Amino acid sequence: MTQLFDEKGAIIPVTLIQAGPCPVLQKRTVETDGYEAVQIGFDAKPERNANKAEKGHAAKSGAAPVRILREMRTEEASSLEVGQSISVEIFEEGEIVDVIGTSKGRGNASVRKRHGSKPGPKTHGSMYHNRPGSMGGSSEPARTFPGKPSAGHYGDARITAKNIKIVKTDLARNLIIVRGSIPGANGGYVIIRKGKKATAKA
Amino acid sequence: MNPIILEVEAAHLKADRPYFRPGDTVRVSVRIVEGDKERVQDYEGIVIARRGSGLRETFTVRRVSFGVGMERTFQLHSPRIDAIKVVRHAKVRRAKLYYLRNLSGRKARLVERRVSTDKLAAEAAVGNKALTDQIAKKG
């Protein structure tokens, strides 16, 4: 993340996203697969790092082997051709998007961190500092209800950050600059789609 | 810092910012917009801290007016800052001069550091190297 100044001189916190070039490697059609989608790639890797299957798959579209492959189900799928490259151009400044990423893994985390529970009193002999609280009733219901906040694995999950505004796009560097933060660690991979809520409203 | 971030920031950096250190007295000309009118107001005081790098660098200026201590933190590359002028250099032994907050009157004075323009230019070249390097990335 970094920051930029707007025309009034106020600070806007921003995140830079390297978006593209994304070659179209394959198309799913109703005839062959039962649904419409495009398979797009990102982050080209050298031939020597690709296995035979990856090389063969990439060769069909004339693109270099890629590290990330994702299928996008979109109505625009039929208008895209295999071998075509998708760039930052499909987004414009000021547009509202959703960014889907994998959040930072936090390992086995306590209820304090994972569910934001408050600590008990530190003093006055409370002896109740960082406990998860009551597990529920007794002989009725004789079980702990599902969803009871407890310690466990936290993070490293798919997170969708909705309604994120595009501050700027940079065609030369294939950059999308969005306002605020997005899920995941620096250098992580994300999917950007048109904002579902914003599109529904329009 | 990621090289792409440095590149994007480079376009917004202000090359005209003079080199100054904690302890220096500076006069900051701040652009103030009132309605549709714009005017420049000066704020003079001692720099007690500089933090951050690149476009995110800030500095804190402390002044005592009418017996009340006042601190303002500015974004070094903010377009709201019209100009920065270094008025006086001082000899200090640390990077953050927060101890000045607990001192007043004669005790809050800093010893002036008299340096030749040549030496100052050399110091500025070293101190601003990271900034000039980043500006060179523009393009």
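What counts, and at which threshold
Residues numbered from 1 in each chain as written. Chains lettered and ligands numbered in written order. Predicted model: local features only at pLDDT ≥ 70, side-chain atom pairs only at ≥ 80, totals over all residues. Heavy atoms only, no water. Helix = DSSP H or I, 4+ residues; strand = E, 2+ residues; numbered from the N terminus. Buried < 20%, exposed > 50% of the residue type's maximum accessible area, 1.4 Å probe, protein only. Polar contact = N/O pair within 3.5 Å; in protein donor to acceptor, adjacent residues only side chain to side chain. Contact = heavy atoms within 4.5 Å. Domains from an automatic or database assignment. Core = buried A, V, L, I, M, F, W, Y, C linked by side-chain atoms within 4.5 Å. 1 Å grid on protein atoms, 1.4 Å probe; cavity = no way out; pocket = protein on both sides within 12 Å on 5 of 7 lines; lining within 4 Å. Points joined across faces, edges and corners; volume = space filled by probe spheres on them. Nonpolar A, V, L, I, M, F, W, Y, C, P; charged D, E, K, R; others polar. Pairing = 2+ DSSP bridges. Axes fitted to C-alpha atoms, helices over the stretch in contact; angles between N-to-C directions.

Moving on: the side chain of A:Thr2. Residue placement: A:Thr2 occurs in strand E1 (residues 2–5). On the basis of relative accessible area, A:Thr2 is assigned to the buried category, the value being 5%. Here the side chain of A:Thr2 touches B:Arg56 through a polar contact of 3.5 Å, side chain to side chain. For A:Thr2, the contacting residues outside a window of four places in its chain are A:Ile12, A:Pro13, A:Val14, A:Leu16, B:Ile5, B:Glu9 and B:Arg56.

For an interface, size is often stated in terms of accessible area lost upon the parts coming together. Assigned domains within chain A: domain 1 (1–20 + 87–103 + 158–202), domain 2 (21–86) and domain 3 (106–154). The C-alpha-based centres of domain 1 of chain A and domain 3 of chain A are spaced at 36 Å.

Our next topic: the nonpolar core. By size, the foremost hydrophobic cluster in this structure holds 13 residues, and its most contacted members are A:Leu4, A:Val14, A:Leu16, A:Ile177, B:Val8, B:Leu13 and B:Leu55. When contributions to this core are tallied by element, the ones reaching two or more residues are E1, strand E2 (11–18) and strand E11 (175–179) of chain A together with helix H1 (3–10) and helix H3 (129–135) of chain B. The element that contributes the greatest number of residues to this core is E2(A), accounting for 3 residues. Aside from chain neighbours lying at most four places away, what touches A:Val14 is A:Met1, A:Thr2, A:Gln3, A:Leu4, A:Val167, A:Ile177, A:Val178, A:Arg179 and A:Gly180.

A few words on unusual backbone geometry. A cis amide bond links A:Glu140 to the next residue, A:Pro141, at an omega of 10°. Residue placement: A:Pro141 occurs in the loop between helix H3 (111–115) and strand E9 (152–154). Here the phi dihedral of A:His124 falls at roughly 60°; this positive angle occurs in a residue that is not glycine. Looking at the element boundaries, A:His124 is found in the loop between H3 and E9. Positive phi, close to 50°, is recorded for B:Phe66, a residue that is not glycine.

All names here are of chain B. With respect to the helices and strands, Val47 occurs in strand E2 (residues 37–51). Distance from Val47 to His77, taken between C-alpha atoms, is 16 Å for residues 30 residues apart in sequence. Not counting chain neighbours up to four residues away, the residues in contact with Val47 comprise Phe20, Arg21, Pro22, Gly23, Asp24, Val26, Thr60, Val61 and Leu97.

Our next topic: the layout of surface pockets. Residues and elements named next belong to chain B. In this model, the second largest pocket occupies a volume close to 320 Å³. If you tally residues by element for the lining of the second largest pocket, the top one is H3, at 5 residues. For the lining of the second largest pocket, the residue count by class is 8 nonpolar, 7 polar and 7 charged.

Let us now look at the sheet that holds strand E1 (residues 25–34) of chain B. Residue and element names in this part refer to chain B. On the basis of which strands lie adjacent, the open sheet formed by 5 strands has the order E4-E3-E2-E1-E5 and antiparallel pairing. Of all the strands in the sheet, the pair left with one neighbour each is strand E4 (68–75) and strand E5 (81–88). Neighbour-to-neighbour, the strand axes of this sheet turn through a mean angle of 40°, independent of strand direction. Two strands pair when backbone bridges link them, and strand E3 (residues 58–65) and E4 are joined in this way by 8 bridges, in the antiparallel orientation. Across the sheet, the residue bridging to Thr58 is Gln75, located in E4.

We now examine the sheet that holds strand E4 (residues 37–44) of chain A. Adjacent strands of a sheet form backbone hydrogen bonds with each other and so pair up, either parallel or antiparallel. All names here are of chain A. The strand order across the open sheet formed by 4 strands is E5-E4-E3-E6, and the pairing between neighbours is antiparallel. A strand with exactly one partner marks an edge of an open sheet, and here the two such strands are strand E5 (66–72) and strand E6 (85–86). Looking at chain direction, E4 and E5 are connected through 6 bridges and run antiparallel. Bridge assignment links Ala44 to a residue of E5, and that residue is Val66.

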